[in-house]
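# Residue-level structural notes
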Amino acid sequence: MTEDDFTIKLTRDQALVLSDWLDRMIGTAEFDGLVDQDRAVWSPIYKVSGTLETSLVEVFMPDYGARLDAARERLLDTLGEVGRPCDRTAAETAAKPPDSR
């Protein structure tokens, strides 16, 4: 590894979930449009995606879906409330003035 190289360590669960997500997202209009705002980002995205795709043997196993679901659940358990979408309906209801009828 040279001075310019950079290493990120992921757990197998993180790698599996990220690999699946990238596989599903790359090529969608929403994802491509976002990344195209800074085309240089394609370089690391392809590097990460390719490395994950060629390193994860789980991708080729017949029970891939079950393994992915289990990995996703373990990661969600460790996140707690981090990244949960806000309950906008409750927030919007609280912000509305009372009905003046």
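Structure: see above.
To keep things clear, this report deals only with the structure shown in the data block. (Residues numbered from 1 in each chain as written. Predicted model: local features only at pLDDT ≥ 70, side-chain atom pairs only at ≥ 80, totals over all residues. Heavy atoms only, no water.)

### Details of the layout of surface pockets
Heads up, the condition is: Here a cavity means grid points, on a 1 Å grid over the protein atoms only, where a 1.4 Å probe fits yet cannot get out; a pocket means an open set of points with protein on both sides within 12 Å along at least five of seven lines; lining residues are those with an atom within 4 Å of a point. Grid points are joined across faces, edges and corners, and a volume is the space filled by probe spheres set on the points. Secondary structure elements are taken from DSSP: a helix is a run of H or I of four residues or more, a strand is a run of E of two residues or more, and numbering for both begins at the N terminus. Note that Gly is not counted as nonpolar here; it falls among the polar residues with everything else outside the nonpolar set of Ala, Val, Leu, Ile, Met, Phe, Trp, Tyr, Cys and Pro and the charged set of Asp, Glu, Lys and Arg.
Its volume calculated, the largest pocket comes out at about 510 Å³. For the largest pocket, the lining is made up of 16 residues, of which I8, L10, V48, T51 and L52 are closest to its centre. Counting residues per element, the ones that place at least two in the lining of the largest pocket are α1 (12-25) and α3 (42-55). The element contributing the most residues to the lining of the largest pocket is α3, with six residues. Across the lining of the largest pocket, the residue classes break down as ten nonpolar, three polar and three charged.

### Here's the deal with a nonpolar patch on the surface
Rules: Patch members must show over 30% relative accessible area and no salt bridge, and they are joined within 9 Å when carrying like charges or within 5 Å when they are nonpolar side chains of Val, Leu, Ile, Met, Phe, Trp or Tyr. To be clear on the numbers: accessible area is Shrake-Rupley with a 1.4 Å probe, and residue cover counts the displayed protein chains and nothing else. A pairing counts as a salt bridge when a side-chain nitrogen of Lys or Arg comes within 4 Å of a carboxyl oxygen of Asp or Glu.
A cluster of nonpolar side chains, F6, I8 and L10, forms an exposed patch at the surface whose accessible area comes to about 370 Å². Mapped onto the elements, F6 comes out in the segment before α1.

### Re the packing of α1 against helix α4 (residues 64-79)
Quick note on the threshold: Note on geometry: axes are C-alpha line fits, over the in-contact stretch for helices, and angles between N-to-C directions span 0 to 180 degrees. Throughout, the term roughly parallel applies to angles under 35 degrees, roughly antiparallel to angles over 145, roughly perpendicular to angles from 65 to 115, and oblique to all others. Handedness of a crossing is defined here by the sense of rotation of the near helix relative to the far one, left-handed for an anticlockwise turn of less than a right angle and right-handed for a clockwise turn. Contacts were defined at the residue level, with two residues in contact if any of their heavy atoms lie within 4.5 Å.
Across the interface, α1 lies against α4 with an axial gap of 9 Å and an inter-helix angle of 115 degrees. Taken together, the axes of α1 and α4 are roughly perpendicular relative to one another. When the axes of α1 and α4 are compared, the crossing they make is left-handed. Every residue of α4 that contacts α1 at D13, Q14, L16, V17, D20 and R24 is listed here: Y64, R67, L68, A71, R72, R74 and L75. Residue composition of the contact of α1 with α4, grouped by class: six nonpolar, one polar and six charged.

### Examining the packing of aromatic side chains
Formally: Ring geometry is summarised as follows: Phe, Tyr and Trp rings, the Trp one being its six-membered ring, pair when their centres sit within 6.5 Å, and such pairs are stacked at plane angles under 30 degrees, edge-to-face over 60 and tilted between the two. To sort residues, take the accessible area from a 1.4 Å probe on protein chains only and compare it with the maximum for the residue type: under 20% means buried, over 50% means exposed, and anything in between is partly exposed.
If you walk through the whole model with that rule in mind, you get three aromatic pairs. Taking the centre distance of 6.0 Å and the plane angle of 75 degrees together, the rings of F31 and W42 count as edge-to-face. Of this pair, F31 sits in helix α2 (residues 29-35) while W42 sits in helix α3, and the two are eleven residues apart along the sequence. Each member of the pair, F31 together with W42, is buried.

### Quick word on the environment of V48
Within the secondary structure, V48 sits in helix α3. Along the primary structure V48 and A15 are separated by 33 residues, whereas in three dimensions their C-alpha atoms are 9.7 Å apart. Apart from the residues lying within four places of it in its own chain, the contact partners of V48 are L18 and L22.

### Considerations on the packing of α1 against α3
At their nearest, the axes of α1 and α3 sit 9 Å apart, and the two run at 115 degrees to each other. Here the hand of the crossing between α1 and α3 comes out left-handed. Between α1, through R12, A15, L18, S19 and L22, and α3, the contact on the second element is made entirely by I45, V48, S49, L52, E53 and S55. Classifying every residue of the contact of α1 with α3 by side-chain character gives six nonpolar, three polar and two charged.

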